[in-house]
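# Inside the fold
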Amino acid sequence: MTQPANARDVVRDPAASSGMRLVILGPPGAGKGTQASRIAGRLGVPAISTGDIFRTNIKNGTDLGRQVKDILASGGYVTDDITNRVVDERLGQPDCADGFLLDGYPRTMAQVAALDDILANRNARLDKALELTVDQEAVVQRLLKRAELEERADDTEEVIRERLDIYYRQTAPLASTYAARDLLVQVDGMGEVDEVTDRVVAALGR
Ligand code: ADP
């Protein structure tokens, strides 16, 4: 059984659920994880981070953790099959019935299609795709600083470069796909944490 990473869910207020189904896009270092949990809290939906789910499973030595450990350490993407399965299972849990904010998923076009299917199977669909836009150089500096402070195996300079490169090649194009579907909401991700949260919540019309 996959172990969900629930640490980011605790701040939410189910009574205040907005019922929104959202994804958040943005490069590594955009402050996406921080914003995801804050925005989710304000909207009363759980924040679901695939990265956190993988890290929790690695930490707890589950089968899934053993399967993805080396991939995370290298900065590459976990296979779509594994990732889609994890998300399908997580979105099937009761706390996601009234909305969610997915952080770090989808990351590939195949995952976009899989998410559509996962939701269609539950008679649901995505309400919005948020994109945090940032200055690329600022992002590199942030990641290097974080690498110093934390001891994440995927935060060495080489791995940071690899992750940014993969992001711009594979994940950035997802924004155009959502734009074509009129779901994309772009928000400037630079500035104070509170400011960015307020901007996002305002952009969502909340
Ligand atoms: P960050 O927010 O710092 O970019 P995450 O915590 O979202 O990183 O993800 C960490 C790692 O987990 C990724 O580098 C990748 O190996 C794996 N991962 C997370 N989400 C996905 C996904 N949707 N598809 C494939 N791999 C993923």
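A few points on the structure. All values reported here derive from a predicted model rather than from experimental measurement. Residues take numbers from 1 onward in each chain, read along the sequence in its written order. Totals for whole chains, interfaces and linings use every residue, but because this is a predicted model, local features are given only for residues with pLDDT of at least 70 and side-chain atom pairs only at 80 or more, for both listing and counting. Processing note: side-chain calculations cover all non-hydrogen atoms of the structure and skip hydrogens and water entirely.

By secondary structure assignment, the location of Val-45 is in the loop between α1 (32-43) and β2 (47-49). Exposure remark for Val-45: the relative accessible area of 1% places this residue in the buried category. Separated by 26 residues in the primary sequence, Val-45 and Gly-19 place their C-alpha atoms 7.1 Å from one another. Segments assigned H or I by DSSP are reported as helices when at least four residues long, segments assigned E as strands when at least two residues long, and all are numbered from the N terminus. Remark: exposure states derive from per-residue accessible area (1.4 Å probe, protein chains only) relative to the maximum for the residue type, with buried under 20%, exposed over 50%, and partly exposed in between.

In this section: the site of the ligand. When we say a residue is near a molecule or strand, we mean one of its heavy atoms is within 4 Å of it. The environment of the ligand is made up of 18 residues, and the closest members are Thr-50, Arg-55, Gly-76, Gly-104 and Arg-163. Within 3.5 Å is the distance limit for a polar contact, defined as a pair of N or O atoms, with the added protein rule that one can donate a hydrogen and the other accept it, and that residues adjacent in sequence qualify only through two side-chain atoms. Note that a nitrogen atom of the ligand is positioned 3.0 Å from one of the backbone N or O atoms of Val-78. The element best represented in the shell around the ligand is helix α2 (residues 50-59), accounting for 4 residues. Partitioned by chemical class, the residues of the shell around the ligand number 6 nonpolar, 6 polar and 6 charged. Any residue that is not Ala, Val, Leu, Ile, Met, Phe, Trp, Tyr, Cys, Pro, Asp, Glu, Lys or Arg is counted as polar, Gly included; the first ten are nonpolar and the last four charged.

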